[in-house]
Structures are given as C-alpha cells and as structure tokens.
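Okay, here's what each chain looks like letter by letter:
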There are 2 protein chains.
Amino acid sequence: VAGHFADRLLKAIEAKGAPICVGIDPLYSRLPKAITEHKRLNDEQDIEAAVDAIFEFCTKLIKVIAPYVPAVKFQSAYFERYYWDGVESYYSLIQEANEYDLEIIADVKRGDIGSTSQAYAQAHLADPQLMDMEDYVGPDAVTVNAYMGTEAVEPFLEIAAEQGKGVFVVVRSSNPSAAAIQDAVTTDGKPVYQLLAEQIRPLAERYIGQRGYSLLGAVAGGTAPEQLRRLRELLPQCILLVPGYGTQGADAASCAAAFKPDRTGALVTASRSIIYAYEQPRYAERFGAENWQACIEQAVKDFAAEINAALNGG
Amino acid sequence: VAGHFADRLLKAIEAKGAPICVGIDPLYSRLPKAITEHKRLNDEQDIEAAVDAIFEFCTKLIKVIAPYVPAVKFQSAYFERYYWDGVESYYSLIQEANEYDLEIIADVKRGDIGSTSQAYAQAHLADPQLMDMEDYVGPDAVTVNAYMGTEAVEPFLEIAAEQGKGVFVVVRSSNPSAAAIQDAVTTDGKPVYQLLAEQIRPLAERYIGQRGYSLLGAVAGGTAPEQLRRLRELLPQCILLVPGYGTQGADAASCAAAFKPDRTGALVTASRSIIYAYEQPRYAERFGAENWQACIEQAVKDFAAEINAALNGG
C-alpha cells in the first residue's frame, strides 16, 4: 500500500465517479439459492460448507460491484461467526478485493487499553510481518470504538501513518439506540459525540494528506442528519464514513449532509440493501431473483446515481 | 453449561476462597525463555511457532493458577494477532480452561448494531451449534462495548439467558484515557458512565439468579475508586468485573470499593502482574526466573491474599 489513505480514497472516488462503499455482511440464510442449493454447499450447519458458500458469494459480489465502487467494507462479525475457518476466509477475501484495487475497510470496531489496542491494530490493520503471511496484505482502513478514549485509537494511527492506511473512529453511529449515550448533552452544552469529535480532531490534524484530508476519519450515521451536519463542521479534515443508507432508513438527501460544497469529504456505505438486492421486488421482478448478480449490479448503479443526484441538488 | 452465571460464579468464588480472576494476555516476547528457546518454538516471525509457544505457556499457566482462582479472562486481541491460527488456539484454550471447571470470561469488547452484535454473540459467547464444533463449548461470559447503545448488548443477553452465561458491559474502564468520555458530566449532573449504568440496570433486573445477582455485570476499573464506589451503589444486582489491579496501578484497597459489606459482588482481575511474575525481582530472586511456574503460583497466592486482606479491613 503506497501513499496517504485519504489521497488514495479521494482518487478512487473520482475514478469510479461515486463516493460510495458496499458493506459486505454475509449471512448464509440470505445467500442466493443458486449457491446454497449446490450439493457441496447446502448445509448451513457444516462450517466448511457455510464458509465456502459465503466465500463464493463474496468473490462474485466483489467482481460485480468493483467497476462501480471505490471501496468495500467487510463486516468482521459475519466471518468470526464461523470461528477460525471464517477468519481465514475473511483475510482471503481481503486479498480478493485487493486484486480489484478497491479500498478495503475492515469494520471491526475494536478498541481497548493501549497495549491491547496495539495487538488489535496488528491483527486488523497492519500488513502482516510474519513470514508465513508475507504474501498477504492487511485492509486499507479499519473502524475503531473510542469509548475507552484516545488510548484505544492511537496504536491504530501509528500503524496507519507508517503503512499508508486509515482509521475511522465511531463518533455517531446509525442505529436506533445510538442516541442514548452519543447524544447525551454534557454540562458545557455539547453532546457526547461532539466531545469525542473534539478529542479526535487534534489527532486527525497530525496526519493530513495532499488533498487536505486526514487518514483519521469518523463514522457518522446517515440516519442522524443533524448530527451529521454538525460533524461535517467540527471535523473539516476528516472523511466521514456514513452508514445507514438503505436498510437502516437513511435516504440520499440525509447522507448528503456529510459532504462539503465541493462534494468531497464523505463515503456513504450501504450493505444489506445492495448485497441482497435479489430479495427486493424492484430488482427480482425486472431481472429474476435467480439472476442475483444482475440485481446487485443494478442496485449498486442505482445507489451511485441516487447519491450523485442528491449531491447535485437533485 | 448449566444454571445461572452469577450463581455459578459466586459458588466458584466461595470454593476457591478468593474473588479474583487472572487475565491471559500472552505476548510472545514476554514468554519464559524455557519455552521460546525450544528449537521448535524459537521463531516469533513464524506463526506456527509463535502460536504453539503461546499455547504451551497458556496451558501450563492455567494448570498452575486453577487451584487458586474461580475464573480466567482471555484477551482475544493477543490471539487475533496471529490470524486464524491464533483464533483456533484461542478456542482450544477455552476448552482447556473448561477442563479445570474455571469460569471463563472472553474479553472481546465487541458491540455493534443489533444484527451485527447478534453475529458477534454467536461467535464469542454461544456454545457452537455447528456440527463440526459440537464438542466445543463457548466461554461462560463475554465483555461488551455499549457506546452504540443497548441494541449492541441485547443479542448477547439473549444467548446468555438461554445458555446460562454472562455479559459484562464496559461502564468505566481502568485506563488513563477512560475519563475523557466516560466521566464527562451530562446536564442532569450525571457522568456518562452513570448514564450507561442506568441504561443497563433495567436490563440486569430481567435476569436475576438465586443469589440476587444478574447475569449482566459491568466492567468497572479499580484505578477509579470513586467511580467504582458509585457503581457499586447504582448497580446493586450487577457483579463488577474490576480490571486495573497490578500493572495498571490499582491496589487492593481501591478494588475493595467494588464489593458489598458481605464481600460479594465483584471479581478483581489482574493480568500482566501475574502471568509475567517471573519478570519481577520479588519472585525471580526467590524462585529463580527460570522457575516461572513457581513465580506465577506465588504471585496468584499473593494476589488472593492481598484482596482478601483488603476485604477483611486489612
């Protein structure tokens, strides 16, 4: 991996023509029947069959979406769920996505005391240094949970700075119960998410690339447009990773609040609404649910068009 | 796993005579030379050698400490650091610890939107349902990060309630940068950690065992005795898991604030100060650093004695 993460991501967004990312959250039970009905793959209770089915789905998915998206985001939980075989498959898929020159975000939301975050950063962000792994690359960026403070974040930043990688700190998440802690207002009138933003801002300023953005970005949910607008102001040098579009209910207009007037500064991510597009009548009726790759391709094209339309004031 | 986690943990504490837990955070570079100088294990850059060395250390460590402690806590990061081989070793060590009837806490600090937390709960808490894994057990309890709200916690609680397991939510951590978010005071005069405690309290009340404690507990660092005392009051039905003793600087008197007058309600955990006892002059000079198991045995006995003395007003 060469150069600065933010510069590379901005260039990739320009090359693909859309500031979007597809989240890969594969659940065996929702995979296309064409895959799970295959005799070698039709047993959800058999780890090897389940992991192979998910791997086959993900490799085909990546191939379909690669021409349209600058980035993909792997949700580690759905691989950890299959123990070490799932974890091996997860790292193999990072290599697959890397072959398509996609920016790869590892959605792991780790964070702990410094010494432990250091081990997590080596596991989940660094390019492997171990001799058995020297052909592997780590992902380009990782998500981090900073409830335990900047100490949880710093080991990730050190590796990111050394290896041209990025870090997205969860500042304001997209889920319904996010507000309980994150929007609680502190005595100086600032909600907790803003307090956290102010703590990561000086860290971000240490690592600015040529395009003016830091390798330290923030997760800011599209389901909370007011908070998103505030974070856009508070973190001018941070790229905002914006989940919540699609299944979680955010629309393109809400997500547009994450961008600057020059249409840079954010990456909108959608997962289930894209990768399971063949379950939606709008695509299944047009292409046939069995043509699941065509459904996904159209969904990702629509996703790009909707975000771009919102950014163009449409 | 049978019965209610809190009942089982209290019984184990009584049987061993000390409310203590040893945290297993193995770093190859700090393993005893007797292990890392072995010709098959003396290459840190070779995954198989490093994982085998850590596995050998951990199995011997567990055997030494098992007579003295009711519980062990595995820090997942140090296993994830060796990719899928490390993850396999982690699950194997859970089986090893289970053979000694120890209560096993998986320190993973996961937490995400509901659907993703569900996958994490299956990976990190549930007994495996998959046919290839039916001889494996999951750990007895798990740590969870709730910055994303109760939605991040609930999937873990459902599995815990079904399978007789426990969940410890990180409320006030032990590390130096913990205060930045966790101690921020909100407009109703409550710090964030207290707000979180009040949100998990009604969840805890749903799952009370015969001894009056919930399967939902809280992580509350021994390095912050004032917050610890407050959490003891706010969460009368929660067992407090208290890190920070030893390397992080908390002493037995500080940790004693986590207990009720009847000396129940908390489990003090120490990691590096016990598992690397052979690095400390007080043990190395007495037993010889090469007698690393004797050093660890004495350190865990001292740990038990110090906590018990503090609880007895010593």
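Residues numbered from 1 in each chain as written. Chains lettered and ligands numbered in written order. Predicted model: local features only at pLDDT ≥ 70, side-chain atom pairs only at ≥ 80, totals over all residues. Heavy atoms only, no water.

### Here we look at the overall build of chain A
So the rule is basically this: Counting from the N terminus, the helices are the DSSP runs of H or I reaching at least four residues and the strands are the DSSP runs of E reaching at least two. C-alpha atoms define the radius of gyration, and 2.2 Å times the number of residues to the power 0.38 defines the globule rule. When a residue's accessible area, from a 1.4 Å probe over protein chains only, is under 20% of the maximum for its type it is buried; when over 50% it is exposed; and in between it is partly exposed. Using a 1.4 Å probe, accessible areas were evaluated by the Shrake-Rupley method; residue-level cover was limited to the displayed protein chains.
Counting its secondary structure elements, chain A contains 14 helices and eight strands. For 314 residues, the compact-globule formula gives about 20 Å, and the C-alpha radius of gyration of chain A, at 19 Å, lands near that figure. Projected onto its principal axes, the C-alpha coordinates of chain A cover approximately 60 × 50 × 35 Å. Taking all 314 residues of chain A together, 65% fall into the buried category. Within the structure as shown, chain A displays about 11,000 Å² of accessible surface, and the carbon and sulfur contribution to it stands at 46%.

### Let's talk about the packing of helix α3 (residues 47-65) of chain A against helix α14 (residues 292-311) of chain A
Residues and elements named next belong to chain A. Which entries qualify depends on this criterion: Axes, fitted as lines to C-alpha atoms, cover a helix only where it is in contact. Angles between the N-to-C directions of the axes lie from 0 to 180 degrees. Here is the rule for angles: anything less than 35 degrees is roughly parallel, anything more than 145 is roughly antiparallel, 65 through 115 is roughly perpendicular, and the remaining ranges are oblique. Handedness of a helix crossing follows the sense of rotation of the near helix relative to the far helix, less than a right angle counterclockwise being left-handed and clockwise being right-handed. By definition in these notes, contact holds between two residues if any of their heavy atoms fall within 4.5 Å. Throughout, the ten residues Ala, Val, Leu, Ile, Met, Phe, Trp, Tyr, Cys and Pro are labelled nonpolar, Asp, Glu, Lys and Arg are labelled charged, and all others, Gly among them, are labelled polar.
Here α3 crosses α14 at 45 degrees, and the two axes come no closer than 9 Å. Classified by the interaxial angle, the pair formed by α3 and α14 is oblique. In terms of crossing hand, the pair formed by α3 and α14 is right-handed. Taken together, the residues of α14 that come into contact with α3 (itself represented by F57, K60, L61, V64 and I65) are W292, Q293, I296, E297 and V300. In terms of residue class, the contact of α3 with α14 is built from seven nonpolar, one polar and two charged.

### Quick look at the nonpolar core
In plain terms, the rule: To define a nonpolar core, start from buried Ala, Val, Leu, Ile, Met, Phe, Trp, Tyr and Cys residues and group those joined through side-chain atoms within 4.5 Å.
Ranked by internal contacts, the top residues of the largest apolar core, which has 253 residues, are A:F74, A:V167, B:F74 and B:V167. Residue contacts for B:V167: discarding those within four places in its chain leaves B:L125, B:A141, B:V142, B:V144, B:V153, B:F156, B:L157, B:A160, B:L215, B:L216 and B:G217.

### Here's the deal with the interface of chain B and chain A
Our working rule: In this description, buried area is defined as the sum, over both parts, of the accessible area (probe of 1.4 Å) that is lost when the two are combined. Here, a salt bridge means any Lys or Arg side-chain nitrogen found within 4 Å of an Asp or Glu carboxyl oxygen. Contacts described as polar in this section are N or O atom pairs within 3.5 Å, which, within protein, must combine one atom able to donate a hydrogen with one able to accept it, while residues neighboring in sequence count only if both atoms come from side chains.
Counting from both sides, the interface comprises 68 residues of chain B and, opposite them, 67 residues of chain A. Between chain B and chain A lies a buried interface of about 6,000 Å² when both sides are counted; carbon and sulfur atoms form 59% of it. Together, B:Y83, B:W84 and B:Y147 form the three largest contributors to the area buried by chain B at its contact with chain A, with a combined 16%. Put simply, chain B and chain A have four salt bridges between them. A:R110 serves as the salt-bridge partner of B:E80, at 2.6 Å between the closest nitrogen and oxygen. There are 37 residue pairs in polar contact (both at pLDDT 80 or more) connecting chain B and chain A. Ranked by residue count, the leading element in the side of chain B that touches chain A is helix α6 (residues 114-124) of chain B, at seven residues.

### Observations concerning the relation of the copies chain B and chain A
Going by this rule: Each copy is superposed on the other by least squares, with the fit set by C-alpha atoms of residues at a pLDDT of at least 70 in both.
For the pair chain B and chain A, the best superposition has an RMSD of 0.0 Å and corresponds to a rotation of 180 degrees with a translation of 0.0 Å parallel to the axis. Viewed as a symmetry operation, the transformation between the two copies matches a two-fold axis. Looking at the rotation axis and the C-alpha trace of chain B, the residue lying nearest is B:T186, at 1.9 Å. When the interface residues of chain B are mapped onto chain A, 99% of them are again interface residues, pointing to one common binding face.

### Quick notes on a negative patch on the surface
Rule in force here: Only residues above 30% relative accessible area that lack a salt bridge enter a patch, with like-charged residues linked at up to 9 Å and the nonpolar side chains Val, Leu, Ile, Met, Phe, Trp and Tyr linked at up to 5 Å. Residues counted as positive are Lys and Arg, residues counted as negative are Asp and Glu, and His and the chain ends are not counted. Every charge is mapped to an atom, namely NZ of Lys, CZ of Arg, CG of Asp or CD of Glu.
Taken together, the side chains of A:E48, A:D85, A:E88, A:D132, A:E134, A:D135, B:E48, B:D85, B:E88, B:D132, B:E134 and B:D135 make up a negatively charged region of the molecular surface. At the level of elements, α5 (83-99) of chain A together with α5 (83-99) of chain B are the ones that each hand at least two residues to the negative patch. For B:E48, the location among the structural elements is in helix α3 (residues 47-65).

### Considerations on helix α1 (residues 5-16) of chain A
Residues and elements named next belong to chain A. Inclusion rule: The span expected for a helix works out to 1.5 Å for each residue beyond the first.
Over its 12 residues, α1 runs 16 Å from end to end, which matches the ideal 16 Å to within 8%, given 1.5 Å per residue. Of the surrounding elements, those touching the buried residues of α1 are β2 (71-75), β3 (103-110), β4 (141-144), β5 (166-172) and β8 (266-270). Of the residues trailing α1, G17 is marked for its positive phi of about 75 degrees.

### So, the side chain of B:R81
Looking at the element boundaries, B:R81 is found in the loop between α4 (77-80) and α5. Buried and unpaired, B:R81 has no salt bridge, with B:E44 as the nearest side chain of opposite charge at 6.2 Å. Among the polar contacts listed, one links the side chain of B:R81 to the side chain of A:Q122, at a separation of 3.2 Å. The residues touching B:R81, leaving out its near neighbours within four places in the chain, are A:A119, A:Q122, A:A123 and A:L130.

### Here we look at the sheet that holds strand β8 (residues 266-270) of chain B
One key point about sheets: their strands pair by backbone hydrogen bonds, in either a parallel or an antiparallel sense. All names here are of chain B. To keep it simple, the criterion reads: At least two bridges found by DSSP between two strands is the condition for calling them paired.
Here eight strands make up a closed barrel; going around it, the order is β1-β2-β3-β4-β5-β6-β7-β8 and the pairing parallel. Each neighbouring strand pair of the sheet contributes to a mean axis angle of 30 degrees, computed without reference to strand direction. Where strand β6 (residues 216-220) and strand β7 (residues 240-242) come together, two bridges link them in parallel fashion. By the bridge assignment, V219 is partnered in β7 with L241.

### What to know about the state of the cysteines
All names here are of chain A. To keep things clear, this is the line we draw: Count a disulfide wherever a pair of cysteine sulfur atoms falls within 2.5 Å.
By the definition in use, this model includes zero disulfides over all chains. We note that C21 lacks a disulfide partner, and the nearest cysteine sulfur, in C255, lies 12 Å from it. Under the relative-accessibility criterion, C21 is labelled buried at 0%. The thiol of C58 is not disulfide-bonded; the next cysteine sulfur, from C21, is found 13 Å away. Assessed through its relative accessible area of 0%, C58 is described here as buried.

### Considering the pairing of strand β2 (residues 71-75) of chain B
Residues and elements named next belong to chain B. In terms of burial, β2 is largely enclosed, as five of its five residues are buried. Going residue by residue along β2, you find A71, K73 and Q75 tucked away on one face and V72 and F74 tucked away on the opposite face as well. Bridge analysis of strand β1 (residues 20-24) against β2 gives four bridges, and the strand direction is parallel. The partner of G23 across the bridge, within β2, is K73. In terms of strand pairing, β2 meets strand β3 (residues 103-110) through five bridges, oriented parallel. Residue pairing across strands places V72 opposite I104, the latter belonging to β3.

### Focus: helix α1 (residues 5-16) of chain B
Burial in α1(B) covers these residues: B:F5, B:A6, B:D7, B:R8, B:L9, B:L10, B:A12 and B:I13. In this structure, the buried side of α1(B) is in contact with β2, β3, β4 (141-144), β5 (166-172) and β8 of chain B.

### A few points about the pairing of β4(B)
All names here are of chain B. Note the following rule: Crossovers are marked right-handed if the path from the first strand over the helix to the second runs clockwise, as seen with the strands pointing away from the viewer.
The side-chain alternation of β4 yields two buried faces, one formed by A141 and T143 and the other by V142 and V144. Two elements, β3 and β4, share three bridges in a ladder whose sense is parallel. Bridge assignment links R110 to a residue of β4, and that residue is V144. In this region the chain leaves β3, passes through α6 and returns to the parallel neighbour β4; the handedness of that crossover is right-handed.

### Quick notes on the packing of α6(B) against helix α7 (residues 150-163) of chain B
Residue and element names in this part refer to chain B. Between α6 and α7, the least distance of the axes is 8 Å, while the angle of their chain directions is 35 degrees. Handedness of the α6/α7 crossing: right-handed. Contacts from G114, S117, Q118, Y120, A121 and Q122 of α6 reach α7 at E151, A152, P155, F156, E158 and I159. The residue inventory of the contact of α6 with α7, partitioned by class, reads six nonpolar, four polar and two charged.

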